[in-house]
Amino acid sequence: YGGADDSFPLQKKRHSLEFLRTIAHLRPRTNSIGAVTRVRSVLAQGVHAFFAAKGFQYVHTPIITASDCEGAGEAFFVTTGGEGEKGKDGEKKKEFFGKTAFLTVSGQLSAEAYATALSDVYTFGPTFRAENSNTTRHLAEFWMIEPEMAFADLKAVIDNAEEFVAFCINEVLEKCAEDIAFFDQFVEKGLQAKLESCRAGGFARVTYTDAVDILRSTTKKFEFPVAWGDDLATEHERYLAESHFKKPVFVTHYPAAIKAFYMRRDDTDPAHPDRETVAATDLLVPGIGELIGGSQREERLETLRERMREAGLSEETYWWYLDLRRYGTVPHGGYGLGFERLVQFVTGMENIRDVIPFPRYPGHAEF
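Owing to the predicted nature of the structure, the values given are computational and were not obtained by experimental measurement.

## Observations regarding the packing of aromatic side chains
So, point 1. One pass over the structure, following the stated rule, counts 22 aromatic pairs.
So, point 2. With a centroid separation of 6.2 Å and an interplanar angle of 35°, the aromatic rings of Phe-203 and Phe-250 are classed as tilted. Here Phe-203, found in the loop between α6 (191-198) and β7 (204-207), pairs with Phe-250, found in strand β8 (residues 249-252); they are 47 residues apart in sequence, far enough to count as distant. With respect to class, Phe-203 is no different from Phe-250; both count as buried.
So, point 3. One aromatic cluster is present, formed by Phe-50, Phe-51, Phe-56, Tyr-58, Tyr-122, Phe-164 and Phe-167 through successive ring pairs.
So, point 4. The positively charged end of Arg-353 is found above the aromatic ring belonging to Tyr-361, 3.6 Å away from the centroid.

In structure tokens, the structure reads:
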């Protein structure tokens, strides 16, 4: 139904992925982006199938929020413009919502409210980070899968996360066999074997302290030094997953100082009374680094308030989150999985901008 003249940018030759990003409205017509889209669709449907089978309730958490879940200050402000300026009536224009509002960086805090009522819930939706990053792993707009589970400790969080990732890999291997064969041939040699080795789970588990010891004892030279108390750089994460364990690995019990305020504080280790850690975990996978970040949540009211003070957060802003502890609570935990990174992992695509239909990143909001 209609032809295309010589100006059609997709000629019968192999185009670079960088070029295809400049014509994102036409790139779905290529083999690579078409295959990515089919895999992404199967993964998205698999998310709902996995959690539905386990009795989780699907909760739609707000995109506009007044709280920064991560407390990192990397949120987009929501405004109609001109707040504080005088209008035609001489009155100063007020904030639309009556307070400063942001695009959400996570649905976790809202999901916790429902988990403490309905037991197991999850949210799957868009999130936003105003982080001026141009790496192959970061976007300004991306999708997050965030389950929250009542009566769950850190082990339960890790067990669920491992089972979930393995389930997603199985879904793709069974329903996208031709596309995975395509990626194995043209994108990442050995992709099929990598996914087959992960489909049964069996991921490694190591504490942050032991991971630091592993990194410090290797002969490999890193760009960034390794020291207890510092966050792991991508090169450290990939070394652990790709070279040491040679499979996905959960790193647990990170220093409290480098993790979010809501993560449950661990009991003090008598051997290292100066090392304060939290019941947190990151899942590191080959080729990507961090895929999942999760924790057991701090259910103790006074301990949570202390952590908030340490982080410089206002109790007035998070009053409702504190209420979840003040008016009856249970041990609970959860995690967040960046959906685009999962698509990267199962397709072998190197740049995250090629696994979402219309990528948003610093300096770019086309289409």
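## Structural notes on the side chain of Glu-146
So, point 1. Tracing the chain through its elements places Glu-146 in strand β6 (residues 141-150).
So, point 2. There is no salt bridge for the buried Glu-146, and the closest opposite charge comes from Arg-297, which lies 6.4 Å off by N-O distance.
So, point 3. Polar contacts involving the side chain of Glu-146 include one to the side chain of Ser-106, which spans 2.4 Å.
So, point 4. If we ignore the near neighbours within four places in the chain, the residues touching Glu-146 are Ser-106, Gly-107, Gln-108, Val-121, Tyr-122, Thr-123, Tyr-335 and Gly-336.

## Details of the pattern of salt bridges
So, point 1. Applying the stated rule across the entire model yields 26 salt bridges.
So, point 2. Here Arg-264 and Glu-299 are joined by a salt bridge, their closest N and O atoms 2.9 Å apart. Note that Arg-264 is positioned in the loop between β8 and β9 (280-285) and Glu-299 in the loop between β10 (289-296) and α9 (301-311), a separation of 35 residues in sequence. Of the two residues, Arg-264 and Glu-299, neither departs from the other in class, the shared state being buried.
So, point 3. The closest approach of N and O atoms between Arg-265 and Glu-276, which form a salt bridge, is 3.3 Å. With a gap of 11 residues between them, Arg-265 in the loop between β8 and β9 and Glu-276 in the loop between β8 and β9 connect regions that are remote in the sequence.
So, point 4. Its relative accessible area of 37% is what places Glu-276 among the partly exposed residues.

## Side note on helix α10 (residues 319-326)
So, point 1. By the burial criterion, the buried members of α10 are Tyr-321, Leu-322, Asp-323, Leu-324 and Arg-325.
So, point 2. In the core, the buried residues of α10 are packed alongside α3 (108-118), α9 and β11 (332-338).
So, point 3. Directly beyond the C-terminal end of α10, a positive phi value near 90° is found at Gly-328.

What counts, and where the lines are drawn
- Residues numbered from 1 in each chain as written.
- Predicted model: local features only at pLDDT ≥ 70, side-chain atom pairs only at ≥ 80, totals over all residues.
- Heavy atoms only, no water.
- Phe/Tyr/Trp six-rings, centres within 6.5 Å; stacked < 30°, edge-to-face > 60°.
- Helix = DSSP H or I, 4+ residues; strand = E, 2+ residues; numbered from the N terminus.
- Buried < 20%, exposed > 50% of the residue type's maximum accessible area, 1.4 Å probe, protein only.
- Lys NZ or Arg CZ within 6 Å of the ring centre and 35° of its normal.
- Lys, Arg positive; Asp, Glu negative; His and termini not counted.
- Salt bridge = Lys/Arg side-chain N within 4 Å of Asp/Glu carboxyl O.
- Polar contact = N/O pair within 3.5 Å; in protein donor to acceptor, adjacent residues only side chain to side chain.
- Contact = heavy atoms within 4.5 Å.

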